[in-house]
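# Tertiary structure, described
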Amino acid sequence: MDTTKTDPVGVAILDYAATKKPKDIIVCSDICEDDIIPIEVLFRSYDEMPELEKAALDEAEGKVLDVGAGTGVHAIELLDRGCEVSTIDISQGAVDYMKSIGLNARKMDFFDVKDEQYDTILMMMNGIGIAGTLSNLEKTLSHAKSLLNEGGKILCDSSDIRFLYEDEDGALWVDLNTEYYGNFRFQMKYKQSVGPWFDWLYVDFDNLFKAAKNVGLKAKKIYENEDDQYLAELTFA
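The paragraphs below set out a description of the structure included in this document. (Residues numbered from 1 in each chain as written. Predicted model: local features only at pLDDT ≥ 70, side-chain atom pairs only at ≥ 80, totals over all residues. Heavy atoms only, no water.)

### A few points about the overall build of the chain
Stated formally: Put simply, DSSP marks the helices as runs of H or I at least four residues long and the strands as runs of E at least two long, and each gets a number from the N terminus on. Atoms counted for the radius of gyration: C-alpha only. Globule rule: 2.2 Å times the number of residues to the power 0.38. Throughout, a residue-residue contact means that at least one pair of heavy atoms, one from each residue, lies within 4.5 Å. The Shrake-Rupley method, run with a 1.4 Å probe sphere, supplies the accessible areas, and residue values consider only the shown protein chains as cover. For the purpose of charge, His is not counted, nor are the chain termini; Lys and Arg are scored as positive and Asp and Glu as negative. Every charge is mapped onto a representative atom, which is NZ of Lys, CZ of Arg, CG of Asp or CD of Glu.
Looking only at helices and strands, one finds 6 helices and 12 strands in the chain. Its C-alpha radius of gyration of 18 Å places the chain within 12% of the 18 Å reference for a compact globule of 237 residues. Along the first, second and third principal axes, the C-alpha atoms of the chain reach 50 × 45 × 35 Å. A sequence separation of at least 24 residues applies to 61% of the contacts in the chain between residues at least 6 apart. As presented, the chain carries roughly 12,200 Å² of accessible surface, and 48% of it is formed by carbon and sulfur atoms. The averaged location of the 45 negative side-chain charges in the chain is 5 Å from the averaged location of its 24 positive side-chain charges.

Here it is as structure tokens:
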């Protein structure tokens, strides 16, 4: 089955790999204006990575599952450091590309990973957002916990995006009909390829901490920048 018409990220990755001609992925939202992902960002080298990502790579160890791996830039660095790395992504194009550069890549939804154990589960570029909504966060963390070896860790980053809802006085405006201000819906577009709408979560650290505690995990913030982006390490409580 030809999935290219519904796999904008995968098509963009394979296009850039073949031509090196940059063209943006369009990100549509039901809450804010359209944004873009410059495709060359997905091919960044270690030196081009933000400090948050470098901090995560420094903490990763052992047998690693890279969730939503994209082009595998984190996996490549971890392999160079001696880790054993498996990558998964729901984009067929992304998986095809990762396989083409020798990575152990599978087209797979994170929630379908079963009967596997890892020392590190890596969820970068707000990978914990796959929870979709705050109400689904505990289920997501519980599933990740089930894949951890004794002494294992989950490394994930996210952002507190409350600034999108603050007025000039710093008061928080939210739609009372919504569960949580960090629940988003997105759609990706690239050329003629249009993906489905999907739920995506941006979670503040306090809510991540509470959800982790409720499923028997301990969350620790190990990096934060001036844009309210943070990196968290979750371990067995």
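### A word on the packing of aromatic side chains
Using the following cut-off: Working definition: rings of Phe, Tyr and Trp (its six-membered ring) pair if their centres are within 6.5 Å, and the pair is stacked with planes under 30 degrees apart, edge-to-face with planes over 60 apart, and tilted otherwise. Accessible area is worked out with a 1.4 Å probe on protein chains only. A residue is then buried under 20% of its type maximum, exposed over 50%, and partly exposed in between.
Here the structure, examined in full by the defined rule, presents 11 aromatic pairs. Here the aromatic rings of F186 and Y202 are separated by 6.3 Å at their centres, their planes lie at 85°, and the arrangement is edge-to-face. Of this pair, F186 sits in strand β8 (residues 183-190) while Y202 sits in the loop between β10 (198-201) and α6 (205-214); the two residues are 16 residues apart in sequence, bridging distant segments of the chain. You can call Y202 partly exposed: its relative accessible area is 21%.

### Describing helix α1 (residues 8-19)
Counted only if it meets this: To estimate the expected span of a helix, count its residues, drop one, and scale the result by 1.5 Å.
Taking 1.5 Å of rise per residue, the 12 residues of α1 would be expected to cover 16 Å, and the 16 Å separating its terminal C-alpha atoms lies within 8% of that figure. Restricting attention to buried positions, one finds in α1 the residues P8, G10, V11, A12, I13 and Y16. Of the residues trailing α1, K20 is marked for its positive phi of about 60°.

### Remarks on the pairing of strand β11 (residues 217-224)
The side chains of a regular strand alternate between both faces of the sheet. Note the threshold: We treat two strands as partners when DSSP finds at least two bridges between them.
Relative to strand β12 (residues 229-236), β11 runs antiparallel, the two being bridged by 7 bridges. Residue L217 lies in a different strand from β12, and its bridge partner there is F236. Hairpin connection of β11 to β12: 4 residues between the antiparallel strands, including D228 at a positive phi of 65°.

### Thoughts on the environment of D206
Considering the arrangement of structural elements, one finds D206 in helix α6. Considered as a pair, D206 and A219 are 13 residues apart in the sequence and their alpha carbons are 9.4 Å apart.

Any link to function would need more than the numbers given here.
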